[in-house]
Amino acid sequence: MSAIDDLSFFQQVASRGSLTEVARQLGLSLPAVSKRLSQLEARLGVQLMQRTTRRLSLTPEGTQYLEGGRPILRQLEELESALNSRQPTLRGRLRINGTLGFGRRHLAPVVSEFARLHPELEISLELSSQPPSLLDDQFDLGVWMGEPPDSRLIGVRLLENPRILCAAPRYLEAMPEPTCVADLAQHNCIVLRQFGSDYAIWRFHKDGREYAHKVRGTLSSNDGEVAVGLALEGHGLILRSRWDTQEYLDSGRLRAVLTDHQAPRGDIFVVYPHRAHIPQRISLFVRYLSHALNQRLPFAAVRRD
């Protein structure tokens, strides 16, 4: 194996933290992966990983090898991408991360369509409840709600995504419709528990003023699809993204309330690290994704002047 192969292999071990997972990813046996790691350590003359029965952890030398190797692999990838930029066939790996609900309903179908157009491209789509770091080379890009949290990341807004306060008509027949944020105290509010944030505090603004209310209710969930289902069954109010509720608002199964107040937006972005040369597989997928999502969700299309 070349030094570059060893470096790429160790990056996978460090990012996944499990020899079993690396073996599954590479299609090798666990003993073969363990042997390769031992051979790498023997060649370098240092221990790179501390091994226990439960987990792997980097030694100081392993951390140095990992962090020093990242820019080398990135530069090699960018060089190869620049050389292949005129080739119509996309090759290599494209590693995508997305949120659970949006990823299942909209991102996965777009990835499927893109894969059919580029059969020689290896695509990995992983969905998670929380956005992972994109600076450790585990993913090439992420499709997330909200702008990039780090200046080292590029963010392209794909869709506008206001949050809508709504309920089923059967619930609103039994309860007076709220006319101000304080009225939420009288309502059963379906809380969506996500990301360990202050999820029970619903925020709004109107005419330049900010309003916040800590809502309560008898039902909550950590899954958006479940929470919307509870609202459709008439259990209470829900504050949910427009992409997830628009079809029910259009059909009348949900009705928007307190429409003169605006909740914080959660616009949908594709996010990826700054690079000297963006690999063609990333730039073409971002362009394709933007067009496809605007076709799937035209009501949320971003206005580009």
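What comes next is a walk through the structure.

Cut-offs applied
- Residues numbered from 1 in each chain as written.
- Predicted model: local features only at pLDDT ≥ 70, side-chain atom pairs only at ≥ 80, totals over all residues.
- Heavy atoms only, no water.
- Salt bridge = Lys/Arg side-chain N within 4 Å of Asp/Glu carboxyl O.
- Helix = DSSP H or I, 4+ residues; strand = E, 2+ residues; numbered from the N terminus.
- Buried < 20%, exposed > 50% of the residue type's maximum accessible area, 1.4 Å probe, protein only.
- Phe/Tyr/Trp six-rings, centres within 6.5 Å; stacked < 30°, edge-to-face > 60°.
- 1 Å grid on protein atoms, 1.4 Å probe; cavity = no way out; pocket = protein on both sides within 12 Å on 5 of 7 lines; lining within 4 Å.
- Points joined across faces, edges and corners; volume = space filled by probe spheres on them.
- Nonpolar A, V, L, I, M, F, W, Y, C, P; charged D, E, K, R; others polar.
- Pairing = 2+ DSSP bridges.
- Axes fitted to C-alpha atoms, helices over the stretch in contact; angles between N-to-C directions.
- Contact = heavy atoms within 4.5 Å.
- Parallel < 35°, antiparallel > 145°, perpendicular 65-115°, else oblique.
- Core = buried A, V, L, I, M, F, W, Y, C linked by side-chain atoms within 4.5 Å.

Taken as a whole and assessed by the stated rule, the structure comprises 13 salt bridges. Put simply, Asp-260 and Lys-206 hold a salt bridge, and the shortest N to O gap is 3.0 Å. You can see Asp-260 sitting in the loop between strand E13 (255-256) and strand E14 (268-273) and its partner Lys-206 sitting in strand E9 (residues 201-206), a full 54 residues away along the chain. By relative accessible area, which is 36% here, Asp-260 ends up partly exposed. Between Arg-265 and Asp-267 there is a salt bridge, with its nearest N and O atoms 3.1 Å apart. You can call Arg-265 partly exposed: its relative accessible area is 46%. Salt bridges here are not isolated pairs; linked through shared partners, they connect Glu-147, Arg-157, Glu-160, Arg-265 and Asp-267.

In this structure the tally under the stated criterion is three aromatic pairs. Ring centres of Phe-114 and Phe-285 lie 5.1 Å apart, and the angle between their planes is 75°; this geometry places the pair in the edge-to-face category. With Phe-114 in helix H5 (residues 100-117) and Phe-285 in helix H9 (residues 280-296), the pair connects residues that are 171 residues apart, well separated along the chain. For the pair formed by Phe-114 and Phe-285, the shared burial category is buried.

Moving on, we come to empty space enclosed by the protein. For the structure on display, the rule yields one cavity of 30 Å³ or more. Considering the residues around the largest cavity, the lining is formed by Arg-16, Arg-93, Arg-95, Ser-124, Glu-126, Gln-138 and Phe-139. Every element with two or more residues in the lining of the largest cavity is listed here: strand E3 (92-99) and strand E4 (121-128). Counted by class, the lining of the largest cavity contains one nonpolar, two polar and four charged residues.

Phi is positive for Asp-207, close to 55°, though the residue is something other than glycine. For Asp-207, the location among the structural elements is in the loop between E9 and strand E10 (209-214). In this structure, Leu-258 takes a positive phi of about 50° despite not being glycine. Counting through the fold element by element, Leu-258 comes out in the loop between E13 and E14. The class for Leu-258 is buried, based on a relative accessible area of 5%.

Here the focus is the sheet that holds E4. Strand order in the open sheet formed by five strands is E4-E3-E5-E14-E6, and the pairing between neighbours is mixed. The open sheet terminates on both sides in strands that have one partner only, identified here as E4 and strand E6 (153-159). When strand polarity is set aside, the average angle formed by the axes of neighbouring strands in this sheet is 20°. Relative to E14, E6 runs antiparallel, the two being bridged by six bridges. Following the sheet pairing, Ile-154 is matched in E14 by Tyr-272. Across the sheet, H9 touches E3, E4, strand E5 (141-145), E6 and E14, and the angle it forms with E6 is around 25°.

Working note: a packed helix pair is described by the angle between its axes plus the distance between those axes. Look at H5 against helix H8 (residues 242-251): their axes get within 11 Å of each other, and the N-to-C directions meet at 60°. With respect to each other, H5 and H8 are oriented oblique. Contacts from Gly-101, Phe-102, Arg-105 and His-106 in H5 reach Trp-243, Asp-244 and Glu-247 in H8. Residue classes in the contact of H5 with H8 are distributed as two nonpolar, two polar and three charged.

Moving on: the nonpolar core. By size, the foremost hydrophobic cluster in this structure holds 25 residues, and its most contacted members are Leu-141, Val-143, Phe-285 and Leu-289. Those elements that provide at least two residues to this core are E3, H5, E5, E6, E14 and H9. The element contributing the most residues to this core is H9, with six residues. Apart from residues lying up to four places away in sequence, Leu-141 is in contact with Leu-94, Arg-95, Ile-96, Asn-97, Leu-134, Val-270, Val-271, Tyr-272, Ile-282, Phe-285 and Val-286. Counting residues in hydrophobic clusters, the runner-up holds 16 residues, among them Ala-167, Val-181, Val-191 and Trp-202.

Inspection of the secondary structure puts Pro-149 in the loop between E5 and E6. Measuring from C-alpha to C-alpha, the distance between Pro-149 and Gly-68 comes to 24 Å, with 81 residues separating the pair along the chain.

Keep in mind these values describe shape, not function.
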